[in-house]
Number of protein chains: 2
Amino acid sequence: MILPFEQHEDDALLDVVLISRARLARNISGEPFVNRANREEQIRIRDGIASALRGLPELGLHWFDPETAPSAEGQVLLERHLISPKFLEPGPHRLAGYREDARLSVMINEEDHLRIQGYGLAGGLSLAWANAKGCERLLDEHLNFAFNEQLGYLTACPTNVGTGIRLSLMLHLPGISLIGGMDRMQHAADDLNLEMRGTSGEGSEAIGHLHQISNRRTLGVDEEDLLHFLEHDFLSRVVREERRARDTLLSTRREFLDDRVQRALAMLRHARLLGEREALDLLSELRLGIAAGLLTGVPLQTAGQLMQRVRSGHLTRATGCTEEEPLRIQRADLVRRELGGDSPPSEST
Amino acid sequence: MILPFEQHEDDALLDVVLISRARLARNISGEPFVNRANREEQIRIRDGIASALRGLPELGLHWFDPETAPSAEGQVLLERHLISPKFLEPGPHRLAGYREDARLSVMINEEDHLRIQGYGLAGGLSLAWANAKGCERLLDEHLNFAFNEQLGYLTACPTNVGTGIRLSLMLHLPGISLIGGMDRMQHAADDLNLEMRGTSGEGSEAIGHLHQISNRRTLGVDEEDLLHFLEHDFLSRVVREERRARDTLLSTRREFLDDRVQRALAMLRHARLLGEREALDLLSELRLGIAAGLLTGVPLQTAGQLMQRVRSGHLTRATGCTEEEPLRIQRADLVRRELGGDSPPSEST
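Just so it is clear, the structure is predicted and the values come from calculations on it, not from any experiment.

What counts and what doesn't
- Residues numbered from 1 in each chain as written.
- Chains lettered and ligands numbered in written order.
- Predicted model: local features only at pLDDT ≥ 70, side-chain atom pairs only at ≥ 80, totals over all residues.
- Heavy atoms only, no water.
- Phe/Tyr/Trp six-rings, centres within 6.5 Å; stacked < 30°, edge-to-face > 60°.
- Helix = DSSP H or I, 4+ residues; strand = E, 2+ residues; numbered from the N terminus.
- Buried < 20%, exposed > 50% of the residue type's maximum accessible area, 1.4 Å probe, protein only.
- Lys NZ or Arg CZ within 6 Å of the ring centre and 35° of its normal.
- Salt bridge = Lys/Arg side-chain N within 4 Å of Asp/Glu carboxyl O.
- Domains from an automatic or database assignment.
- Contact = heavy atoms within 4.5 Å.
- Buried area = accessible area lost by both parts, 1.4 Å probe.
- Least-squares fit on C-alpha atoms with pLDDT ≥ 70 in both.
- Axes fitted to C-alpha atoms, helices over the stretch in contact; angles between N-to-C directions.
- Parallel < 35°, antiparallel > 145°, perpendicular 65-115°, else oblique.
- Left-handed = near helix turned anticlockwise from the far one by under 90°.
- Nonpolar A, V, L, I, M, F, W, Y, C, P; charged D, E, K, R; others polar.
- Polar contact = N/O pair within 3.5 Å; in protein donor to acceptor, adjacent residues only side chain to side chain.
- Pairing = 2+ DSSP bridges.
- Expected span 1.5 Å × (residues − 1).
- Arc of directions from axis to C-beta.
- Lys, Arg positive; Asp, Glu negative; His and termini not counted.

## Notes on the packing of aromatic side chains
1) Next: Scanning all chains against the criterion turns up 4 aromatic pairs over all chains.
2) Next: Ring centres of Phe64(A) and Phe87(A) lie 6.4 Å apart, and the angle between their planes is 45°; this geometry places the pair in the tilted category. Of this pair, Phe64(A) sits in strand β2 (residues 62-64) while Phe87(A) sits in helix α3 (residues 85-88), and the two are 23 residues apart along the sequence.
3) Next: A relative accessible area of 2% places Phe64(A) in the buried class.
4) Next: Judged by its relative accessible area of 1%, Phe87(A) falls in the buried class.
5) Next: Look at Phe147(B) and Tyr153(B): their rings are 4.8 Å apart centre to centre, the planes differ by 70°, and that puts the pair in the edge-to-face class.
6) Next: On the basis of relative accessible area, Tyr153(B) is assigned to the buried category, the value being 17%.
7) Next: Just above the ring of Phe256(A) sits the side chain of Arg253(A); from NZ or CZ to the centre is 3.8 Å.
8) Next: The aromatic ring of Phe87(B) is capped on one face by Arg94(B), whose charged end is 6.0 Å from the ring centroid.

## Side note on the pattern of salt bridges
All names here are of chain A.
1) Next: Evaluated as defined, the whole model comprises 50 salt bridges over all chains.
2) Next: Between Glu 136 and Arg 26 there is a salt bridge, with the nearest N and O atoms lying 2.7 Å from each other. Of this pair, Glu 136 sits in helix α4 (residues 125-140) while Arg 26 is found in strand β1 (residues 17-26), placing the two residues 110 residues apart along the sequence.
3) Next: Given a relative accessible area of 1%, Arg 26 falls into the buried group.
4) Next: Between Glu 338 and Arg 309 there is a salt bridge, with its nearest N and O atoms 3.6 Å apart. Here Arg 309 lies in helix α10 (residues 300-309) and Glu 338 lies in helix α12 (residues 324-338), a separation of 29 residues in the sequence.

## Observations concerning the domain arrangement of chain A
All names here are of chain A.
1) Next: Each assigned domain of chain A is listed here: domain 1 (11-241) and domain 2 (254-339).
2) Next: Measuring from the centre of the C-alpha atoms in domain 1 to the corresponding centre in domain 2 gives 27 Å.
3) Next: Counting residues at the interface gives 21 residues for domain 1 and 22 residues for domain 2.
4) Next: Carbon and sulfur atoms supply 60% of the area buried between domain 1 and domain 2, which totals about 1700 Å² over both sides.
5) Next: Among the residues of domain 1 in contact with domain 2, Glu 79, Leu 178 and Ile 207 are the three that bury the most area, contributing 31% of the side total.

## Here we look at the relation of the copies chain A and chain B
1) Next: Mapping chain A onto chain B calls for a screw motion: a turn of 180° about the axis and a shift of 0.0 Å along it, with 0.0 Å RMSD after fitting. This pairing of chains is accounted for by a two-fold axis. No C-alpha of chain A lies nearer the rotation axis than that of Ala266(A), which sits 2.7 Å from it.
2) Next: In this assembly the copies share their binding face: 100% of the residues contributing to the interface of chain A also contribute to that of chain B.

## Thoughts on the packing of helix α9 (residues 276-291) of chain A against α10(A)
The relative placement of two packed helices comes down to the angle between their axes together with the axis-to-axis distance.
Residue and element names in this part refer to chain A.
1) Next: For the pair α9 and α10, interaxial distance at closest approach is 9 Å and the crossing angle is 165°. When the axes of α9 and α10 are compared, the pair comes out roughly antiparallel. Where α9 crosses over α10, the two elements pack in a sense that is left-handed. In contact with Leu 280, Leu 283, Ser 284, Leu 286, Arg 287, Ile 290 and Ala 291 of α9, α10 contributes Leu 300, Ala 303, Leu 306 and Met 307.
2) Next: Split by residue class, the contact of α9 with α10 holds 9 nonpolar, 1 polar and 1 charged.

## A closer look at the interface of chain A and chain B
1) Next: Counting residues at the interface gives 19 residues for chain A, matched by 19 residues for chain B.
2) Next: Connecting chain A to chain B are 4 salt bridges.
3) Next: Inspection of the region where chain A meets chain B yields 10 residue pairs in polar contact (both at pLDDT 80 or more).
4) Next: Each residue belonging to the side of chain A that touches chain B can be placed in one class, and the counts come to 8 nonpolar, 3 polar and 8 charged.

## What to know about the sheet that holds strand β4 (residues 104-108) of chain A
All names here are of chain A.
1) Next: Judged by pairing direction, the sheet is antiparallel, and its 8 strands sit side by side in the order β2-β3-β4-β5-β1-β8-β10-β9 without closing on themselves. The strands lining the two open edges of the sheet, one partner per strand, are β2 and β9 (194-197). The mean angle between the axes of side-by-side strands here comes to 20°, regardless of whether they run parallel or antiparallel.
2) Next: Relative to strand β3 (residues 95-98), β2 runs antiparallel, the two sharing 3 bridges. Its bridge partner being in β3, Trp 63 is matched across the sheet by Gly 97.

## With respect to unusual backbone geometry
Most peptide bonds take the trans configuration, and most residues that are not glycine carry a negative phi.
1) Next: The phi torsion at His81(A) lies on the positive side, around 65°, for a residue other than glycine.
2) Next: Tracing the backbone shows His81(A) in the loop between α2 (71-79) and α3.
3) Next: Residue His81(A) is classed as buried on the basis of its relative accessible area of 14%.
4) Next: For Asn193(B), which is not a glycine, the phi torsion comes out positive at approximately 60°.
5) Next: Checked against the element boundaries, Asn193(B) lands in the loop between α6 (182-191) and β9 (194-197).
6) Next: Taking the relative accessible area as the measure of exposure, Asn193(B) reaches 32% and is therefore partly exposed.

## Section: helix α1 (residues 39-54) of chain B
All names here are of chain B.
1) Next: The first and last C-alpha atoms of α1 sit 22 Å apart over 16 residues, in line with the 22 Å expected at 1.5 Å per residue.
2) Next: Regarding α1, the residues found buried are Glu 41, Gln 42, Ile 45, Arg 46, Ile 49, Ala 50, Ala 52 and Leu 53. Mapping the buried residues of α1 onto a view down its axis gives an arc of 160°, with all of them on the same face. Exposed residues lying more than 90 degrees from the buried face of α1 are Arg 39, Glu 40 and Arg 54.
3) Next: If you follow the buried residues of α1, they end up packed against β2 (62-64), β3 (95-98), β4 (104-108), β5 (114-120) and α4 (125-140).
4) Next: Between the side-chain oxygen at the start of α1 and the backbone nitrogen of Glu 40 there is a gap of 3.2 Å, and the oxygen is on Asn 38.

## Some words on the side chain of Glu231(A)
Residue and element names in this part refer to chain A.
1) Next: With respect to the element layout, Glu 231 can be found in helix α7 (residues 223-252).
2) Next: Buried charge Glu 231 goes without a salt bridge, the closest partner of opposite sign being Arg 103 at 12 Å.
3) Next: Side-chain polar atoms of Glu 231 contact the side chain of Ser 126, separated by 2.4 Å.

## Description of the sheet that holds β3(B)
Residue and element names in this part refer to chain B.
1) Next: Read across the sheet, 8 strands follow the order β2-β3-β4-β5-β1-β8-β10-β9 without closing on themselves; strand pairing throughout is antiparallel. Each having just a single partner strand, β2 and β9 make up the two edges of the open sheet. Strand-to-strand twist in this sheet, taken as the mean axis angle between neighbours without regard to direction, amounts to 20°.
2) Next: As judged from the 7 bridges shared by strand β1 (residues 17-26) and β5, these two strands associate in the antiparallel manner. Bridging across to β5, Arg 26 finds its partner in Leu 114.
3) Next: Sitting on the sheet, α4 is in contact with β1, β4, β5 and β8 (165-172), with an inclination near 145° to β5.
4) Next: Relative to the sheet, α6 contacts β9 and β10 (210-215), its axis offset from that of β9 by approximately 145°.

Set out below in structure tokens:
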């Protein structure tokens, strides 16, 4: 089986979808779950899985050990959504592997022994799924995953039992939000047994109008059905609603929308100090402006990439700065440079 | 006596002082105070004073009757500080006269029968005083002002009895404010028997870091001493403190200051909708940036003039708009045009 890492992606949904992800939770048969494993068992589990993964060079994984790597590196992987916040918490002996092109990552000893995450970009949920599933099948020949005929795959948390699959979409929904439609959206998601969360996972805030939507049920669902439902029925409906909301704003509140968008671009091009949260919110408005056709000259991809590059971990890695104040200066400099704003004060005076 | 309307003004204090004003309160002997006068008496007082003023064409007054003039006109005069908010309230029969160059105004039947206001710009308190006093002396030959040997000039409110003089300065104090020095400033003013108020008079907020400072005592003070004290001792001290505060910000928090100033200019150049309050606050930051040498290419006078032109009355007179939403568009268009921002969306698309 060939993993479709390099497959070209359709970017028709790029105005709404930022990331598609498919996650599989697996545990090693005969070993205690992570939260019950002692030090020795944790290490044995970790090394066993890592060894199987290392035997699959076609996965192209880089390794990240949270105990020995610099903390900025973990932050970068977190900001790329390749690892979870929980993975960085102090805890058992862990290890992560990831492809530099962000099409695949694995976390060992997070909540489960193994979490496999496949990724696609805009609307690439099938691709994300193919990447995760492909990796799981390759591993299945070397590892013995805990499986029960009645329940399916066994997981540390009962909510993941069964398929152990979680498909999620990171959506940019400023239109629905600005016309006040997020409550309705939330109810619709509840009715469909989908979970809506903020940018950084459970309980987090929706910064920059970014929302993560994922399936809640894993038991008794058919993987292909779930994929089809999320990618075709649900996503196409949300994309339609978001685009309609933007059109409504454009036709009925054009000045309001244009004002927000022009202000956002002006702030990004001229601010000398930018906090992470503010930068993400402004870039979100910028993204909306580009997608709505109010701004030309800035590609949608640039705005999307900047939404990662302005994050503290990425910025620390790029600049070496770790202090908040210099990071705010560096963030403003980066954004100004990328968006064609005026030069920093030290050059202009 | 020749009124010094045309006198050239020193603009050395333009970075801190916006308006200097000298006000004299006078009442007609033998007539009841305004708040006790009936309709007939109010009209008699008004017409008597107006007749005396009309006999002095050298004053160059235009007339404003709040009962018959369009309301936008009153708003414009208020925004030019030529009349008071109280003057526009429903009340007795009133009349105002003003010079188009804003060096002199008179209000009939405001709180007192007559209030004469002379104006200078930056640091022109002597000029303001000369204008007001000159007008009063000319009128003194035609009107009989209520005067008591013990108390001095009699006024409707006891706080104005004596000289009936109030000298006031409109100061731009963003530096002192940003380094957290306004409380100290307020205490110093209290100790010196000076009153600090917001932009639009008593009890009003200090929008755009603008503060009105005036004498509290009018009884038993010598006019020339008061003038000297305010103009030389007090003002020079405040100007020194404000400039020192700006220098401190420049040397210790340059990025912070530069960020505020660049953001303000960017907002002014790119916003499509601007409320009055926001525009004034942004122009205040712009003014600070120009005075501190962080922005070149925009003259201090332009920022100062815009602080009047963005106000709703001025904008209504200039555009014919009276509704809030179109005014916000017009305000943003005006500012963008004057500050060299990008063109309005209707032209750019």
